[in-house]
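Understanding the architecture of this molecule
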Amino acid sequence: MILYYLPLILVFLSTLISIKYRTVGYILTAIASAIFSIFTFRIYDYITYFYLIAAIVWIITSIYSISYSRKYGKWLAPLFILTIAGMMLILYSTNFLLFITGWEIMSIPAYVTVAVNRKNDIEAYVFMFFSEISTILIITAAVISYFYTGTFNFSRLTNDTVLLIFAIGAMSKMGLTPFMISEWLPIAHGSAPANSSAIFSATMTLMGVYGIVKIALLSVVSVDIGIIFIVIGVVSVLFGALYAYISENMKSLGGFSTIENNGAIMATIGLFVAVDNSVFREFILISIAIFAMAHSIAKTGLFITVGHTGVEYFSAVNGGKSTINQIGKFFALSSLSGLFPSLGGLGTWMVLESFFMGAYLYGPLGITSIIAGSLIAMGEGFATAAMLKVFYFTDNHHKSVGKNLENYTILATGLILIILFAISSLIIGKEYISGIPAVLVFNGLMIESRLGPADFGLITPLYIFVFLILFSLLVYFVFGKPNVRVAKRWNGGVEHEEYYNSFNYSNNIRLMLKRILRTSYTNQNQLETVDIFWLVMIDIAKGYRKFSRYVAYKIMNSSISYYIIYMITAFILVIIIVSIT
C-alpha cells in the first residue's frame, strides 16, 4: 500500500528539495510522475487514461523546466511542483474530502505563481476568485452526495443533482461558458511562466474533466443534463476558437485554445450523460480519453513553444528558428488542430463520429447531436487557423539558433503525439478494433465507430502514418525541394503595413465577423475588438446595481410598513419550506 503511494510522497518531497536544489526537484518530479503512470495506468480502464495523460505532461514540463526556470529564481520550482502534488492527490483520491484537499493544494500555489510573476494583484485575484467558486460548488456537491449516500466516498448516485453542481464547479476551473466571461483562464495563462501555463492548461483543466467523468460514471442517465452540457460545450468551442484566432497575446491564445478543447470535451461528456446505450457510451468514453490525451500533450507543446520565444506578444517575437524546433512545433500544433497523423486527428475524428452517430438517436438528443457535431467541426476550422498562426509567427525567419534542451522537449512532445497515433489501436478496446484482410488491412489495425453491431465509420491510424511518410518521400524524390513563389500580399484589410504580421493574418475574421466581435477603429485609427462576454457581464452588473438601488430607495427605506410585510412574507415562506421537506 505504501509503495502504491510512493509517487505522491516523492513529489511532496521534491517540493521541499527544490527550494534549495531546483534541478534535483524537477528530476525527482519527473521520476515520480513516471512511477505514478506505471502504478496507476491499466489498459482498457479508460478512467486511468487520465493518470497516464497527467504523468506524460508532468514529465515533459519538468524536464523543460530544468533550463527554462533558471531566470525565475528559487520561487518557481517549489510552486510548480506543489501544484503537481495537488493534482496527483486528486487522481489518488477515493472520496470527496481528498479530492477537495488536492483541489486546494493545486490552486493555491498556482495563485501565488501568477501573483509573484506579474507582481500585480488583479490577475492573481481573478484566478483565485474563480478557483474558489469551483471549490465552493464542489463542496456543495459533496454535501449533497453525503445526504443521498451517507458517505463522502465516491458512490453510486440515484439522481443527477450531484453531477450538475459538481460539473458547474469544474467548469469554472475549465474556463467554460458561462465562466468564459471572466477570461480568467487566458488571463492566468498570460500571467504565468510558460512551464506553469502548460500545467494550468494541460492538467489543471484536465482535473476538471477527470472529476466530471468520474461523477458521470456514478450517475444516472439524464438527457436534460446531457443537452445542457452539450450546449455549454459547443458555445465554448465556437467562441474559444474565435478569440484564439484573433488573439495577439500568445499565452492568451493558448488559454482560449484550452477553452475550445475543453468545450469539445464537455460537449462529448454531455452526449455520454444523455445516451443509454452501453456500446455507444463506451465509444464516447474512449473518445473523451483520446481527445483529452491529445489536447493535454499538445497544449504542453504549445506553451513550451511560446515560452521558447521569451515574450508574450507576437509583435515582440525576436527569436530564431531551428529544424528541431520547427518539426516538433508542427507535430504538437497539428494535434491541437485535429490533423493527421497525430493523436489530435484521431481524437477529433472520434468526437465528431460520436455526435454524428448521435443523430440516429432521434428526438431532441438526435437533433442536438447533429447540430453540435457540425458546430464543433466549424470551431475546429478556427482552431486550425489559430495554430497555424502560432506555427508561423513565433519565429522571425531570419536567424538560426542552436540545439538545446527546450528544442528537444518540443520535438519530444510532437513525437509522443505521433507515436500514440500510430499505436492507438493498441489502447482502444478490442470490441472497436478489427480489420479488412481482403484489402491488406490486417486485423487489429483498424478502429471502428459503431452504435451496435454495424459499423458507422472506419479509420486505420498506422496505415495513415505509413502512407503519409511514403507519399511525402516519393514527392520529394520525384520533384525535389518545392520552389518558392513570391506573391503580392494581402494584409488582411490593414493598409500601410510593410510586413505581413500576425494581426493582419487574423484581420479577415475581425472584419467579416465585426457584428459579433464589435470591431471598430480607435482614435489612432487602429482596429480593435471587444469581448462580447465582457459586455454581457457589464450589462448584468449594471442591471443588478440598478435593481439594488431601487430596492434600497423604494422598499428598504426605513419604512416600518415594508419591514413588517417583509417579516410576514419570510415567516410564511419558512413554514412552507419546512412543511415540504
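Cut-off values and rules
Residues numbered from 1 in each chain as written. Predicted model: local features only at pLDDT ≥ 70, side-chain atom pairs only at ≥ 80, totals over all residues. Heavy atoms only, no water. Helix = DSSP H or I, 4+ residues; strand = E, 2+ residues; numbered from the N terminus. Contact = heavy atoms within 4.5 Å. Areas by Shrake-Rupley, 256 points an atom, 1.4 Å probe, with all protein chains shown as cover. Expected span 1.5 Å × (residues − 1). Buried < 20%, exposed > 50% of the residue type's maximum accessible area, 1.4 Å probe, protein only. Salt bridge = Lys/Arg side-chain N within 4 Å of Asp/Glu carboxyl O. Pairing = 2+ DSSP bridges. Axes fitted to C-alpha atoms, helices over the stretch in contact; angles between N-to-C directions. Phe/Tyr/Trp six-rings, centres within 6.5 Å; stacked < 30°, edge-to-face > 60°. Polar contact = N/O pair within 3.5 Å; in protein donor to acceptor, adjacent residues only side chain to side chain.

What follows deals with the overall build of the protein chain. The secondary structure content of the protein chain amounts to 21 helices and five strands. In the protein chain, 74% of the contacts between residues at least 6 apart in sequence involve partners at least 24 apart. For the protein chain, the exposed surface amounts to about 25,900 Å²; the carbon and sulfur share of it is 68%.

Between its first and last C-alpha atoms helix H14 (residues 343–358) spans 23 Å; for 16 residues at 1.5 Å apiece the expected length is 22 Å, and the two agree. Most of H14 sits out of view: 15 of its 16 residues are buried.

Should their charged atoms come close, side chains of opposite charge can pair. As enumerated under the stated definition, the model contains four salt bridges in all. In this structure, Arg 42 engages Asp 45 in a salt bridge whose closest nitrogen and oxygen atoms are separated by 2.8 Å. For Arg 42, a relative accessible area of 45% puts it in the partly exposed group. Linked by salt bridges that have partners in common, Glu 248, Lys 389 and Arg 510 make up one network.

Adjacent strands of a sheet form backbone hydrogen bonds with each other and so pair up, either parallel or antiparallel. Strand order in the open sheet made by the three strands is E1-E2-E3, with antiparallel pairing throughout. Unpaired on one side and paired on the other, strand E1 (433–436) and strand E3 (457–459) mark the two borders of the sheet. On average, each strand axis in the sheet is inclined to that of its neighbour by 50 degrees, with strand direction left out of account.

Turning our eyes to something else, we now look at the environment of Tyr 505. Within the secondary structure, Tyr 505 is located in helix H18 (residues 502–512). For Tyr 505, a relative accessible area of 18% puts it in the buried group.

This part covers the packing of aromatic side chains. Tallied over the entire structure, the rule returns 35 aromatic pairs. Ring centres 5.0 Å apart and planes at 40 degrees place the aromatic pair Tyr 5 and Tyr 92 in the tilted group. Placement of Tyr 5 in the segment before helix H1 (6–17) and of Tyr 92 in helix H4 (residues 76–92) is noted, with a sequence separation of 87 residues between them. When the centroid spacing of 5.7 Å and the interplanar angle of 45 degrees are considered together, the rings of Tyr 245 and Tyr 505 count as tilted.

What follows is about the side chain of Ser 222. With respect to the secondary-structure elements, Ser 222 resides in the loop between helix H9 (194–218) and helix H10 (223–246). On the accessibility criterion, Ser 222 (7% relative accessible area) is buried. In this structure the side chain of Ser 222 is engaged in a polar contact, spanning 2.8 Å, whose partner is the side chain of Asp 160. The residues contacting Ser 222, other than those within four sequence positions of it, are Asp 160, Val 273 and Ala 274.

This part is about the side chain of Glu 448. Among the structural elements, Glu 448 can be located in strand E2 (residues 441–449). Within polar-contact distance, the side chain of Glu 448 engages the side chain of Ser 434 at 2.7 Å. Side chain to side chain, Glu 448 and Arg 450 meet in a polar contact 3.5 Å long.

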